[in-house]
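# Topology and contacts: notes
Next come the chains, spelled out residue by residue.
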Amino acid sequence: MPTRSELTHDGIDVFDGFDGDRPRGCSWERSVCTETPTHQVTYPGTDQPEAHPFCARHYVLELAYLVEVHMPTCSNPLSDHVTSYGRID
């Protein structure tokens, strides 16, 4: 079951990982990754945006997947899929 915590300064729901299924850390879902997250991609949510932390390698792969695989066949703009991205400060 996912665990979540809310950032009070901007109200973004931060995805912290899964309990039991895999170790906390990078949000990469295609394999287990225990690297420390250094970047995040924020996706629109139904109630509020959700920020998913990624290690540097999987951050690049996640953005590349969206741009190279998903976007060419999607009629919606990238802004409908990603609201922000970048380093975790």
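On a predicted model such as this, the values are computed, not experimentally measured, just so you know. (Residues numbered from 1 in each chain as written. Predicted model: local features only at pLDDT ≥ 70, side-chain atom pairs only at ≥ 80, totals over all residues. Heavy atoms only, no water.)

A word on the pattern of salt bridges. Scanning the entire structure with this criterion turns up one salt bridge. With a closest N to O distance of 3.3 Å, arginine 30 and glutamate 62 form a salt bridge. Of this pair, arginine 30 sits in the loop between strand 2 (13-18) and strand 3 (39-43) while glutamate 62 sits in helix 1 (residues 56-70); the two residues are 32 residues apart in sequence, bridging distant segments of the chain. According to the relative accessible area criterion, arginine 30 is partly exposed, its value standing at 48%. (Salt bridge = Lys/Arg side-chain N within 4 Å of Asp/Glu carboxyl O. Helix = DSSP H or I, 4+ residues; strand = E, 2+ residues; numbered from the N terminus. Buried < 20%, exposed > 50% of the residue type's maximum accessible area, 1.4 Å probe, protein only.)

Summed over all chains, the structure comprises zero aromatic pairs. Here the guanidinium or amino end of arginine 30 rests over the ring plane of tryptophan 28, the centre of that ring lying 4.8 Å away. (Phe/Tyr/Trp six-rings, centres within 6.5 Å; stacked < 30°, edge-to-face > 60°. Lys NZ or Arg CZ within 6 Å of the ring centre and 35° of its normal.)

Before going further, it helps to examine the nonpolar core. As a rule of thumb, soluble globular proteins bury nonpolar side chains together. The biggest cluster of nonpolar side chains holds ten residues, and these are Cys26, Trp28, Cys33, Val41, Tyr43, Phe54, Cys55, Tyr59, Leu66 and Val82. Elements that contribute at least two residues to this core include exactly strand 3 and helix 1. When neighbours within four sequence positions are excluded, valine 41 is seen to be in contact with Glu50, Ala51, His52, Phe54, Tyr59, Leu63, Val82, Ser84 and Tyr85. (Core = buried A, V, L, I, M, F, W, Y, C linked by side-chain atoms within 4.5 Å. Contact = heavy atoms within 4.5 Å.)

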